[in-house]
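Examination of the molecular architecture
This is what each chain is made of:
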Amino acid sequence: MQATENILEKIEEFIKQVEAFKSTKLDEIEAFRIQFLGKKGHLADLFAQFKNVDASQKKIFGQKVNQLKNSAQDKVNELKLAIENSSSATEYGDLTKSATPFEVGSRHPISLIKNEIIDIFSRIGYSVSEEREIEDDWHNFTALNLPEEHPARDMQDTFFVQTNPDYMLRTHTSSVQVRYMEANKPPIRTISPGRVFRNEAISSRSHCIFHQVEGLYIDKNVSFADLKQTLLHFAKEMFGEETKIRLRPSYFPFTEPSAEMDVYWGLNSEVDYRMTKGTGWLEILGCGMVDPEVLENCGIDPNEYSGFAFGMGIERMALLKYNIPDIRMYFENDVRFLSQFQSAL
Ligand code: DAH
């Protein structure tokens, strides 16, 4: 009787040992398995003692031994599985983790505005044309009624190619007008976005590199009213249905008559006063009827065709839409600045 009690206590102690056992090493787990479940292990030993157990205790003895056997077996399985899982984690990564979240980038504000302008004009039938950034004198100046020594060349301080001053970095996208008219017959409806270069000191308001979009419409009987309606449509699409515009007479050598277009910005804040010089109006583009001389320079008969052109600065447009106070921010590539611009376009 006493002997049986001792054995039961012993089994209880084995069960505690099994529960407490921990290892991440296969050889330790195998040693543990042999110690309890092996041919000469504790369980084999206990089963051998079964016949000596007091008849009244046989049932409880049998239950305890089974409990020990099951928990030892479970322990071995559990520890082996844990090792398997952790080794597959090093091989494949953690398969239970969600897929790597892919980082959505954002477009540069210049691209956003450019795409928006293209979008607006392509809906009314304009194609997109692009041309070279290094231009010759003819396409950047002379064909546009800006012959050498013309004082209006001073409006655009130019970077010339040092070895051949007949070539330069284009100072405006109006050069694309010339190339497009030389290569295409009317009717023409095209916009030309691109980078332009001027020899200007860099400040918060001007830069030596910036972007423009040029527009050109040539057909029979195109009038200034067509120009005005097109630009009004554009301004409403860009800045909202309520937008008001005005055209002020101006001068460009390649258009006659010429105008500058303002949008009404309002005078709601001190910044508005400063930006609009107290008028509430902001200039956003230059435009006019293409000078007949320019049409002729580009091989289009001015007696048969007329048309209009316009040119706008993308940085300025982005400044108005996004309230960007300093033009240099566009070119600094600061992620904190760039990541603010999310868009579908
Ligand atoms: N090329 C002019 C500039 O860079 C902008 C411009 C004005 C373009 C009038 C045009 C136009 O096509 O008609 O300042």
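Predicted, not measured: the structure shown is a model, and the values here were computed from it.

Reading guide: rules and limits
Residues numbered from 1 in each chain as written. Predicted model: local features only at pLDDT ≥ 70, side-chain atom pairs only at ≥ 80, totals over all residues. Heavy atoms only, no water. Buried < 20%, exposed > 50% of the residue type's maximum accessible area, 1.4 Å probe, protein only. Helix = DSSP H or I, 4+ residues; strand = E, 2+ residues; numbered from the N terminus. Near = heavy atom within 4 Å. Polar contact = N/O pair within 3.5 Å; in protein donor to acceptor, adjacent residues only side chain to side chain. Nonpolar A, V, L, I, M, F, W, Y, C, P; charged D, E, K, R; others polar. Pairing = 2+ DSSP bridges. Phe/Tyr/Trp six-rings, centres within 6.5 Å; stacked < 30°, edge-to-face > 60°. Salt bridge = Lys/Arg side-chain N within 4 Å of Asp/Glu carboxyl O. Domains from an automatic or database assignment.

With respect to burial, helix H7 (residues 174-183) is a largely interior element, eight of its ten residues being buried. Within H7, the full set of buried residues consists of Ser-174, Ser-175, Val-176, Gln-177, Val-178, Arg-179, Tyr-180 and Met-181.

Close to the ligand lie 16 residues, the nearest being His-172, Ser-174, Arg-198, Gln-212 and Glu-214. With respect to the ligand, the backbone of Phe-310 contributes an N or O atom lying 3.4 Å from an oxygen atom. Across the shell around the ligand, the residue classes tally to five nonpolar, nine polar and two charged.

Looking along a regular strand, one sees the side chains alternate between the two faces of the sheet. In terms of burial, strand S4 (residues 188-197) is largely enclosed, as eight of its ten residues are buried. With two bridges connecting them, strand S1 (residues 127-128) and S4 associate as parallel partners. Looking at the pairing, Ser-127 lines up with Thr-190 of S4. Inspection of the sheet shows S4 paired to strand S5 (residues 209-219) by ten bridges, in the antiparallel sense.

Scanning the entire structure with this criterion turns up 17 aromatic pairs. Geometrically, the ring pair formed by Phe-21 and Phe-32 is stacked, given 4.2 Å between the ring centres and 5 degrees between the ring planes. Highlighted residues: Phe-21 in the loop between helix H1 (2-20) and helix H2 (26-37) and Phe-32 in helix H2, separated in sequence by eleven residues. Each member of the pair, Phe-21 together with Phe-32, is buried. Through a chain of ring-to-ring contacts, the aromatic side chains of Phe-121, Tyr-126, Tyr-217, Phe-234, Phe-308 and Phe-310 assemble into a single cluster.

Right, let's get into the pattern of salt bridges. By the definition in use, this model includes 16 salt bridges. Between Arg-123 and Glu-237 there is a salt bridge, with the nearest N and O atoms lying 2.7 Å from each other. Taken together, the residues Arg-123 in the loop between helix H5 (109-122) and S1 and Glu-237 in helix H8 (residues 224-239) connect sequence positions 114 residues apart. Note that Glu-133 is salt-bridged to Arg-195, the shortest N-O span being 3.0 Å. Taken together, the residues span a long stretch of sequence, with Glu-133 in the loop between S1 and strand S2 (134-136) and Arg-195 in strand S4 at a distance of 62 residues. Bridged by salt links that share partners, the residues Arg-246, Arg-248, Glu-260 and Asp-262 form one connected network.

Here the domain parsing of the protein yields domain 1 (2-91) and domain 2 (109-341). Taking only C-alpha atoms, the centre of domain 1 and the centre of domain 2 are 86 Å apart.

Here we take up unusual backbone geometry. Trans is the common state for peptide bonds, and a negative phi is the common state for residues other than glycine. Cis geometry marks the peptide bond from Pro-186 to Pro-187; its omega dihedral reads 0 degrees. Its place among the elements puts Pro-187 in the loop between H7 and S4. Here the residue pair Glu-256 and Pro-257 is connected by a cis peptide bond, since its omega of -5 degrees sits within 30 degrees of zero. Among the secondary structure elements, Pro-257 is positioned in strand S7 (residues 255-264). Even without being a glycine, Asn-145 presents a positive backbone phi close to 65 degrees. Mapping Asn-145 onto the fold places it in the loop between helix H6 (137-140) and strand S3 (167-169). Asn-145 gets classed as buried once you look at its relative accessible area, which sits at 18%. With a phi angle near 60 degrees, Asn-323 is a residue other than glycine that sits in the positive phi range. By secondary structure assignment, the location of Asn-323 is in the loop between helix H11 (314-322) and helix H12 (335-338).

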